[in-house]
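# Working through the structure, step by step
Given next are the chains, with one letter for each unit.
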Amino acid sequence: MQVERKHRMTRQRQVILEELRRVKTHPTADELYFIVRQKLPRISLATVYRNLDLLYQEGKILKLPAVDGVMRFDGTVTPHYHIRCTKCGRVSDVMLDVDLNLERKVARRTGYHVTGYVLEFEGVCPDCAPRTEH
Ligand SMILES: [Zn+2]
Ligand SMILES: [Zn+2]
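Computed from a predicted model, the values in this text were never measured in an experiment.

Let us now look at the domain arrangement of the protein. Annotation of the protein at the domain level lists domain 1 (2-74) and domain 2 (81-123). Averaged C-alpha coordinates put domain 1 and domain 2 at centres separated by 24 Å. At the junction of the two partners, domain 1 supplies 7 residues and domain 2 supplies 6 residues. Here the side of domain 1 that touches domain 2 is composed, by residue class, of 3 nonpolar, 1 polar and 3 charged.

If you want it as structure tokens, here you go:
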């Protein structure tokens, strides 16, 4: 009984992680819940929240700062930048090399012990940009 329960938890967490890595849209917990339900119809929103927390603690996913009041999740943990659309709120990955020395440079300049940083670009995504007439 105990083992079966544990096994189900692991399977749920695995599906949540796989779907989050697949979508690349940086979904909110609610959005991910609807995606995961296609595969696990009986999963609850609370379970999705709990597993996202666990995955975050294990360093398998990232949390994006809640600029618009909504926490978003990212299945890509290799260093990369983000750009957020100020109209629709979508968050896209920026496929540029990340300056891995940035934290060290900031520490040297300020004397701070730097533990992390938040750098996010803002703009209007292609879908929201007004179409140019020709
Ligand atoms: Zn947009
Ligand atoms: Zn990302």
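For the rest of this paragraph, the subject is the pairing of strand β4 (residues 91-94). Relative to β4, strand β3 (residues 81-85) is paired through 4 bridges, and the arrangement is antiparallel. Across the sheet, the residue bridging to R84 is V91, located in β4. In textbook terms, the turn of a hairpin is the stretch between consecutive antiparallel strands, and for β3 and β4 this stretch comprises 5 residues, one of which, G89, has a positive phi near 85°.

Read across the open sheet, the 3 strands follow the order β4-β3-β5; overall the sheet is mixed. Both outer strands of the open sheet, β4 and β5 (120-123), are each paired with one neighbouring strand and no more. The average angle at which neighbouring strand axes cross in this sheet is 30°, direction not considered.

Turning to the pairing of β3, a few remarks are in order. Summarising the sheet, β3 and β5 pair through 4 bridges and their orientation is parallel. Bridge assignment links I83 to a residue of β5, and that residue is F121.

So, on to unusual backbone geometry. One non-glycine residue with positive phi stands out, namely K24, at about 65°. With respect to the helices and strands, K24 occurs in the loop between α1 (2-23) and α2 (29-36). Since 13 C-beta atoms lie within 10 Å of it, K24 is described here as partly exposed.

Reading the values: the criteria
- The residue count restarts for each chain, going from 1 along the sequence in the order it is written.
- Lettering of chains starts at A and numbering of ligands starts at 1, both following the order in which they are written.
- Local features in this predicted model are restricted to residues whose pLDDT is 70 or higher, and side-chain atom pairs enter the listing and the counts only when it is 80 or higher, whereas totals over whole chains, interfaces and linings include all residues.
- For the domain bounds, the source is a domain assignment made automatically or taken from a database.
- Once C-beta atoms have been placed from the backbone, residue pairs whose C-beta atoms lie within 7 Å are recorded as contacts.
- Any residue outside Ala, Val, Leu, Ile, Met, Phe, Trp, Tyr, Cys, Pro, Asp, Glu, Lys and Arg is labelled polar, Gly included; the first ten of those are nonpolar and the last four are charged.
- The criterion for strand pairing is that DSSP finds at least two bridges linking the strands in question.
- Secondary structure elements follow DSSP: runs of H or I of four or more residues count as helices, runs of E of two or more count as strands, with numbering from the N terminus.
- Lines are fitted to the C-alpha atoms to define the axes, a helix being fitted only along its stretch in contact, and any angle between axes, read from their N-to-C directions, falls within 0 to 180 degrees.
- Here the C-beta atoms are placed from the backbone, and a residue counts as buried if at least 20 other C-beta atoms lie within 10 Å of its own, exposed if 12 or fewer do, and partly exposed otherwise.

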